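Structure assessment
One-letter residues, chain by chain:
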Amino acid sequence: METKRAFFLEAYKLGIIKFGRFTLKSGIESPFYVDLRPLASDPKILKHLSNYLLEMLPLDNFDLICGVPYAALPMATAMSLESYIPLIIKRKEAKAYGTKKLIEGIFQKGQNCLLVEDVITSGKSLLETIDEVENEGLNVSDIVVVLDRQQGGREKLQEKGYNVHTLFTISEVVEILKEEKQLTDDEVERINDFLNGNTVTFEEKKKVRYEEKLKNIDHPVATKLLETALQKRSNLIASADVITTQELLDFAEVVGPHIAALKTHIDIISDFDYDKTIIPLIDIASKHNFLLMEDRKFGDIGNTQELQFSHGVYKIANWADMVTAHAIGGSKALEGFHNAGIITILGMSSQGTLTDAHYREETMKIIINEPNVMGCVAQNQIQDDLLLFTPGVNISAEGDSKGQQYNTPEHVFKNLHTDFIIVGRGIYKADDIEQAALTYKTRGWQAYEAAIS
Ligand code: S5P
């Protein structure tokens, strides 16, 4: 069954199961959410899936295949193409005009029709479909399901005499993900509780106030950043991903009054010149009272990082209050950043990142006793004695064509307990940059206040 497991892990990357806290249609809170529709967007996976489903079945028994609309339609189509068993299509609603047919395609009464379903929960929608198919004079003996949520549906159908074939159960996939360290023991326990029919409770932890963080975090740069945030009522870090000195300085000047810090990628400035780029930037930062964060994402051995930090043309050590760094080189490698506050990359915002639960756990072990680390860049909650910086924030876009994924300020303060939002294109690409900075500042601050109250 190793290949089935490998197949699941490939499919999982498409985001078909999410873990967290979800309110179902019924109002019940669930620790996971399943949506198999993305499977149809990867032709290779869809083809493999249809073969796995066909392998489980006594194929000679079926004259027709029918998918339960809509999620199972592409699956049923792929199975039909692989097996040459003809497809029929069930409509969700009967046509209001013309034939008023519920089932489309060529079939004859008495034929045996295999039903395909993506997820079985209570079995209700399958029973409706079975009724409608049987009303057309067709027989249904077997149903094939990709994922059984184990909430009674399968048993209900079996009691009525149908053969239900399921490729995966939720317990099986949870076990696989646990072994792959994609789920923590706590998460697994909560999921099992839920599957055993218990009402699961999610710990309602409030976001910790900046005043409280000031007491808990001793790093001097963290203190300065938190004090700045409180003074300016801004938790906004503007990401200045622009490519000339003039654009950088103009941007800093315009957004300066509204931000707690400015984040740079200094190596993308084409006409970089220390005296013309950095010296005026330091002046603007001090005039408008914001910190400078160089997003260099260091990721080397300690000696090299130390050289990259202090030397070369950028001389980051001279001017950056904070720097970002991966923990990949181990804790010793993080020791060379002298007075700058280190912000470790714990989790990335881009699709397909390697920063899964296991990576994050190991990173935490590395940074936890490292006094220069003041916080993390992440897309999940972290412990209260570190600052959480969350990029991938945009009010009007869901992502870009290169894998970036966005959330709103409200989402990240409420659900991740973020301390600082990092916004790039949402601001520097706006027609009115100052207005955009103000909007993100206001929404960020309101979202913070809502999350602490
Ligand atoms: O996981 C990450 C980490 C960072 S620091 N995802 C990110 O997007 N970033 C940075 O945040 C990224 O390098 C860019 O400078 C900024 C996001 O830009 P935006 O235009 O997508 O808002």
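Here the structure is shown first, and the text comes after it.
This section reports on the structure supplied with the text. Position numbers for residues start from 1 in each chain and track the written sequence from start to end. The predicted origin of the model limits local features to residues at a pLDDT of at least 70 and limits the giving and counting of side-chain atom pairs to 80 or more, whereas totals for whole chains, interfaces and linings rest on all residues. Only hydrogens and water are removed before side-chain values are computed, so all heavy atoms of the structure are retained for them.

**What to know about the overall build of the chain**
Cut-off, in case you're wondering: For helices the rule is a DSSP run of H or I covering at least 4 residues; for strands it is a run of E covering at least 2, with both sets numbered from the N terminus onward. Only protein chains enter the accessibility calculation, which uses a 1.4 Å probe; a residue whose area is less than 20% of its type maximum is buried, one above 50% is exposed, and one in between is partly exposed. In this analysis, two residues are considered to be in contact whenever any of their non-hydrogen atoms come within 4.5 Å of each other. Residue-level accessible areas treat just the shown protein chains as cover; the underlying method is Shrake-Rupley with a 1.4 Å probe.
Helix and strand counts for the chain stand at 17 helices and 16 strands. Residues counted as buried form 50% of the 453 residues belonging to the chain. In the chain, of all internal contacts separated by at least 6 residues, the share reaching a separation of at least 24 is 65%. Surface accessibility of the chain: about 21800 Å² in total, with carbon and sulfur atoms responsible for 49%.

**A word on the environment of Ile427**
Structurally, the position occupied by Ile427 is in helix H16 (residues 425-428). Separated by 22 residues in sequence, Ile427 and Glu449 have C-alpha atoms that sit 22 Å apart. Non-local contacts of Ile427, meaning those with residues more than four positions away in its chain, are made with Leu236, Ala238, Phe251, Val255, Ile433, Ala436, Ala437 and Tyr440.

**As for empty space enclosed by the protein**
Counted only if it meets this: Residues are called lining when one of their atoms sits within 4 Å of a cavity or pocket point, these points coming from a 1 Å grid over the protein atoms alone, where a cavity is a set in which a 1.4 Å probe fits but cannot get out and a pocket is an open set with protein on both sides within 12 Å along at least five of seven lines. Grid points are joined across faces, edges and corners, and a volume is the space filled by probe spheres set on the points. Gly falls in the polar group here, along with every residue not listed as nonpolar (Ala, Val, Leu, Ile, Met, Phe, Trp, Tyr, Cys, Pro) or charged (Asp, Glu, Lys, Arg).
Scanning all chains against the criterion turns up 2 cavities of 30 Å³ or more. In this structure, the largest cavity spans a volume of roughly 80 Å³. For the largest cavity, the full set of lining residues is Phe7, Phe8, Ala11, Ile16, Ile17, Leu36, Leu39, Leu49, Val146, Leu147 and Phe168. Breaking the lining of the largest cavity down by element, the ones donating at least two residues are helix H1 (2-12) and strand S7 (142-148). Roughly 60 Å³ of internal volume is contained in the second largest cavity. In this structure, the second largest cavity is lined by Lys205, Lys207, Val208, Lys213, Gln381, Ile382, Gln383, Asp384, Leu388, Leu416 and His417. When grouped by side-chain class, the residues that make up the lining of the second largest cavity number 4 nonpolar, 3 polar and 4 charged.

**Considering the side chain of Lys232**
Keep this limit in mind: In summary, the charge assignment counts Lys and Arg as positive and Asp and Glu as negative, without counting His or the chain termini. We define a salt bridge as a side-chain nitrogen of Lys or Arg found within 4 Å of a carboxyl oxygen belonging to Asp or Glu. Under the rule applied, a polar contact is a pair of N or O atoms within 3.5 Å (in protein, one hydrogen donor and one hydrogen acceptor; residues adjacent in sequence only if both atoms are side-chain atoms).
Counting through the fold element by element, Lys232 comes out in helix H9 (residues 220-232). Here Lys232 occupies a buried position and makes no salt bridge, while the nearest side chain of opposite charge, Glu253, is found at 11 Å. Looking at Lys232, its side chain comes within polar contact range of the main-chain oxygen of Ile259, at 2.7 Å. What Lys232 contacts, discounting residues up to four positions off in sequence, is Gly256, Pro257, His258, Ile259, His288, Asn289, Phe290 and Lys441.

**Remarks on the site of the ligand**
Selection rule: Working definition: residue near molecule or strand if any one of its non-hydrogen atoms lies within 4 Å of it.
Of all residues adjacent to the ligand, which total 17 residues, the nearest are Asp241, Lys263, Ser349, Tyr406 and Arg425. Between the ligand and Gln404, the relevant distance is 2.9 Å, taken from an oxygen atom to a side-chain nitrogen or oxygen of the residue. Alone, the ligand offers 490 Å² of accessible surface; in the complex the protein occludes 91% of this. Looking at the shell around the ligand, its residues break down into 6 nonpolar, 6 polar and 5 charged.

**Details of the pairing of strand S16 (residues 420-423)**
To keep things clear, this is the line we draw: Pairing between strands is defined by DSSP: at least two bridges between the two strands are required.
Along S16, one buried face is formed by Phe420 and Ile422 and the opposite face, lined by Ile421 and Val423, is buried too. Bridge count for strand S9 (residues 236-240) against S16 is 3 bridges, and the pairing is parallel. By the bridge assignment, Leu236 is partnered in S16 with Ile421. Here strand S15 (residues 387-390) runs beside S16; their pairing, made up of 2 bridges, is parallel. Its bridge partner being in S16, Phe389 is matched across the sheet by Phe420.

**Overview of the sheet that holds strand S8 (residues 163-169)**
Cut-off, in case you're wondering: Working convention: axes come from line fits to C-alpha atoms, limited for helices to the stretch in contact. Angles between N-to-C directions cover 0 to 180 degrees.
Strand order in the open sheet formed by 6 strands is S5-S4-S3-S6-S7-S8, and the pairing between neighbours is mixed. Here the strands that pair on one side only, and so sit at the sheet edges, are strand S5 (103-104) and S8. Sheet topology note: the strand S4 (residues 87-90)/S5 ladder contains 2 bridges and is antiparallel. Bridged to Ile89 within S5 is Glu104. Lying on the sheet, helix H2 (residues 43-55) is in contact with S7 and S8; it crosses S7 at an angle near 130°.

**Observations concerning the nonpolar core**
We count it as follows: In this text, buried Ala, Val, Leu, Ile, Met, Phe, Trp, Tyr and Cys residues form a nonpolar core when linked through side-chain atoms within 4.5 Å.
Core analysis: the biggest nonpolar cluster contains 79 residues, and Leu225, Leu262, Met322, Phe389 and Ile427 have the highest contact counts within it. When residues of this core are assigned to their parent elements, the largest contribution, 8 residues, is made by helix H17 (residues 433-452). Beyond its immediate chain neighbours, meaning those up to four positions away, Leu262 contacts Ile237, Ala238, Ala240, Leu248, Phe251, Ala252, Val255, Leu281, Phe290, Leu291, Leu292 and Met293. Phe8, Leu36, Ile45 and Leu57 belong to the second largest nonpolar core, which has 46 residues in total.

**As for the packing of aromatic side chains**
Under the convention used in this document: Two rings from Phe, Tyr or Trp (for Trp, the six-membered ring) form a pair when their centres sit within 6.5 Å of each other. Planes less than 30 degrees apart are called stacked, planes more than 60 degrees apart edge-to-face, and all others tilted. As a reminder, the over-ring test applies to NZ of lysine and CZ of arginine, requiring each to be within 6 Å of the ring centre and within 35 degrees of the ring normal.
Enumeration over the complete set of coordinates arrives at 15 aromatic pairs. Between Phe32 and Phe194 the ring centres are 5.6 Å apart and the planes differ by 85°, which places this aromatic pair in the edge-to-face class. Highlighted residues: Phe32 in strand S2 (residues 29-34) and Phe194 in helix H7 (residues 185-195), separated in sequence by 162 residues. Clustering of aromatic rings is evident, with ring pairs tying together Tyr210, Phe389, Phe420, Trp445 and Tyr448. In this arrangement the basic side chain of Lys4 is found over the ring face of Phe168, its NZ or CZ atom lying 5.0 Å from the centre.

**A short note on the sheet that holds S16**
What links the strands of a sheet is backbone hydrogen bonding, and the strands pair in either a parallel or an antiparallel sense. If you walk around this closed barrel you meet the 8 strands as S9-S10-S11-S12-S13-S14-S15-S16, and the pairing is parallel. The average undirected angle you get between the axes of adjacent strands in this sheet is 25°. Sheet topology places strand S12 (residues 322-325) next to strand S13 (residues 341-345); 4 bridges connect them, and they run parallel. Residue pairing across strands places Val323 opposite Ile342, the latter belonging to S13.

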